[in-house]
Every structure is written in structure tokens, then in C-alpha cells.
Amino acid sequence: MIFDLSKTNSIANVFIAEIRDEQIQKDPMRFRTNMERIGAYFAFEISKTLIYQNTETQTPLGVAKTVHLAELPVLATITRAGIPMHKGMLDIFDRADCAFVAAYRKAHKSGHFEIAIEYISSPDLTDRIVIMVDPMLATGMSMVLCCKELMGRYKVKELHIVSAIASSEGIRHVRANLPKAKLWIGAIDEEMTSKSYIVPGLGDAGDLAYGAK
Ligand code: URA
């Protein structure tokens with residue numbers, strides 16, 4: 001299953017336009033805020049697929065028929081670029097447990113790179129719904145590696161993958177390697193540079209949020 005936000009019309013598409021805009025990108029706080037809003041938007045979309053229990057809630061004037069989530073998802077992210085979208089999701093699923101994976105591109109002299117995982121912090125994900133966030137799904141290699149690393153440790157019940165911008169190649173790689181994952185994507189671009197940056201994409205999401213390394 002793939003949800004492609006660009007096939008719909010909502011204010012979230014404006015957030016996507018803003019994170020791509022090189023003028024608006026000059027303000028890192030606005031960039032982070034837009035990423036947070038995109039994260040929050042996808043949290044709402046994913047929340048429509050979750051299971052709810054009928055509950056009763058005491059108000060000052062009586063008892064209201066309400067609903068509560070039967071089960072909270074775990075919010076996982078790839079640092080550092082994923083942090084603003086993660087924060088937006090956490091604003092919605094505000095009691096969710098969180099997992100963090102630090103992955104980076106280890107460059108070789110040839111120009112090629114491999115993905116290396118440096119650090120993982122995760123609760124027990126056995127039988128849990130996991131939402132994995134990375135704003136840019138370029139080759140899809142880090143996403144697949146990070147998800148497989150977590151899923152090698154725990155038998156996850158359901159995996160959602162959320163990205164603001166993906167390349168077609170990244171989508172194909174994820175679907176081939178994680179066929180059961182549900183994908184939530186803000187926009188899909190066709191091309192990548194020789195260094196695997198998405199074109200037109202937006203540039204380096206981590207640098208735009210937190211400054212160049
Ligand atoms: N990471 C980014 O920040 N941008 C890309 O285009 C690809 C990976």
C-alpha cells in the first residue's frame with residue numbers, strides 16, 4: 001500500500017512546497033516547523049488506519065461517549081534528518097514510545113557509499129505497530145537497512161514508512177525489500193544525482209534543519 005500525498009489536495013501539499021523552496025529554506029526554524037507539520041499530518045492520516053475502543057469520558061456536565069486508541073504505535077526515526085518530522089508525529093501520538101537509529105553514508109574514495117548504522121535505541125517492538133520516519137527516501141538503502149535491523153531484533157506487527165519526499169527508485173527498493181510495509185509519501189520525484197540526492201528534491205534535509213556538517 002502506498003499513500004501519495006501529491007495525488008490529493010490539502011494544506012499539507014503547501015508544507016511540501018515550502019520545504020522545497022530555496023527562499024523559505026533560508027529560515028531553518030521555518031524548515032523544521034514545516035517538517036513537523038508534515039509529520040503531524042501523516043500521523044493524522046495513519047491514525048485513520050488504527051483501531052479504536054469505545055469509551056466513556058466524564059465531563060464536568062455528564063458522561064460523553066468517546067473513543068481511545070486500542071494500541072499506541074511506536075515512533076521510530078533515523079537521525080538526524082528525521083527528528084523534526086518525528087517531533088510532529090510525537091505531538092499527535094503524544095504518549096508513544098520512541099526508537100532512534102543513527103545511520104550515515106560511509107563514503108568510499110570511488111564516490112560510492114554504503115550505509116552504516118552507528119547507534120540504535122529502541123523499546124521492545126515485538127507485536128507493535130511501528131512508524132518509521134525519514135524525510136528523504138533517496139536510494140531507500142538506509143530505510144531498508146534500519147527497518148531490517150529493527151525487525152531482525154523484534155517481530156514487528158505492522159510497519160509504516162513515512163517520507164516527505166521519495167525517489168521512484170527508493171520506493172521500488174523499499175517495496176522489493178519490505179513488501180508488507182505501508183508507505184506514506186509526500187511527493188515522488190523521478191531523478192537522483194550521481195551522489196544520490198533527489199532531483200528536484202529539496203537538498204540536504206539534515207543540513208537545512210540543523211546546519212551544514
Ligand atoms: N538525503 C537528503 O537530505 N536529501 C536527498 O536528496 C537525499 C538524501
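How each quantity is defined
What you see as residue numbers is a count from 1 along each chain, following the sequence as written. Residue-level local features of this predicted model are given only where pLDDT is at least 70; pairs of side-chain atoms are given and counted only at 80 or more, and the full residue set underlies all totals for whole chains, interfaces and linings. A run of H or I in DSSP becomes a helix once it reaches four residues, and a run of E becomes a strand once it reaches two; helices and strands are each numbered from the N terminus. It is over C-alpha atoms that the radius of gyration is taken, and the globule rule equals 2.2 Å times the number of residues to the power 0.38. Three classes are used. A residue is buried when 20 or more other C-beta atoms lie within 10 Å of its own, exposed when 12 or fewer do, and partly exposed in between, with C-beta atoms placed from the backbone. What counts as a contact here is a pair of residues whose C-beta atoms, placed from the backbone, lie within 7 Å. Think of a nonpolar core as buried Ala, Val, Leu, Ile, Met, Phe, Trp, Tyr and Cys residues chained together by C-beta atoms that fall within 7 Å. UniProt positions are given in the numbering used here, feature names are shortened, and annotations may be inferred rather than shown by experiment. Throughout this description, a residue near a molecule or strand is one whose C-beta atom, derived from the backbone, lies within 6 Å of it. Each residue is assigned to one of three groups, with Ala, Val, Leu, Ile, Met, Phe, Trp, Tyr, Cys and Pro labelled nonpolar, Asp, Glu, Lys and Arg labelled charged, and all others, Gly among them, labelled polar. Lines are fitted to the C-alpha atoms to define the axes, a helix being fitted only along its stretch in contact, and any angle between axes, read from their N-to-C directions, falls within 0 to 180 degrees. A crossing counts as left-handed when the near helix is turned anticlockwise from the far one by less than a right angle, and as right-handed when that turn is clockwise.

Draft legend 1. Summary view of the overall build of the protein chain. Counting secondary structure elements, the protein chain contains 6 helices and 12 strands. A globule of 213 residues ought to have a C-alpha radius of gyration of about 17 Å, and the protein chain, at 18 Å, matches this closely. Structurally, the protein chain occupies a C-alpha span of about 65 × 40 × 30 Å along its principal axes. Relative to its 213 residues, the protein chain shows a buried fraction of 38%. Partitioning the intrachain contacts of the protein chain with sequence separation of at least 6 by distance along the chain shows that 62% fall at a separation of at least 24.

Draft legend 2. Region of interest: the nonpolar core. Counting residues in each nonpolar core, the largest one holds 56 residues, and the members touching the most others are Ile38, Ala76, Ile131, Met132 and Ile161. A per-element tally of this core places helix H2 (residues 28-47) first, with 7 residues. Apart from residues lying up to four places away in sequence, Ala76 is in contact with Ala99, Val101, Val130, Ile131, Met132 and Leu150.

Draft legend 3. Looking closely at the UniProt feature "domain: Phosphoribosyltransferase" (unreviewed entry) in the protein chain. UniProt's entry tags residues 12-211 with the feature "domain: Phosphoribosyltransferase" (unreviewed entry), counted in the numbering of this structure. End C-alpha to end C-alpha, residues 12-211 measures 24 Å, and it is 34% helix and 35% strand.

Draft legend 4. Inspection of the site of the ligand at higher detail. If you check the shell around the ligand, you find Ala81, Met136, Ala138, Tyr197, Ile198, Gly201, Asp204, Ala205 and Gly206 and nothing else. Within the shell around the ligand, the residues separate by chemical class into 6 nonpolar, 2 polar and 1 charged.

Draft legend 5. Spatial organisation of the packing of helix H1 (residues 11-20) against H2. The geometry of H1 relative to H2 is characterised by a closest axis approach of 9 Å and an angle of 150° between their N-to-C directions. Classified by chirality, the crossing of H2 by H1 is left-handed. Note on element contacts: H2 touches H1 through Phe31, Asn34, Met35, Arg37, Ile38 and Tyr41, opposite Ala12, Phe15, Ile16, Glu18 and Ile19. Looking at side-chain class alone, the contact of H1 with H2 contains 8 nonpolar, 1 polar and 2 charged residues.

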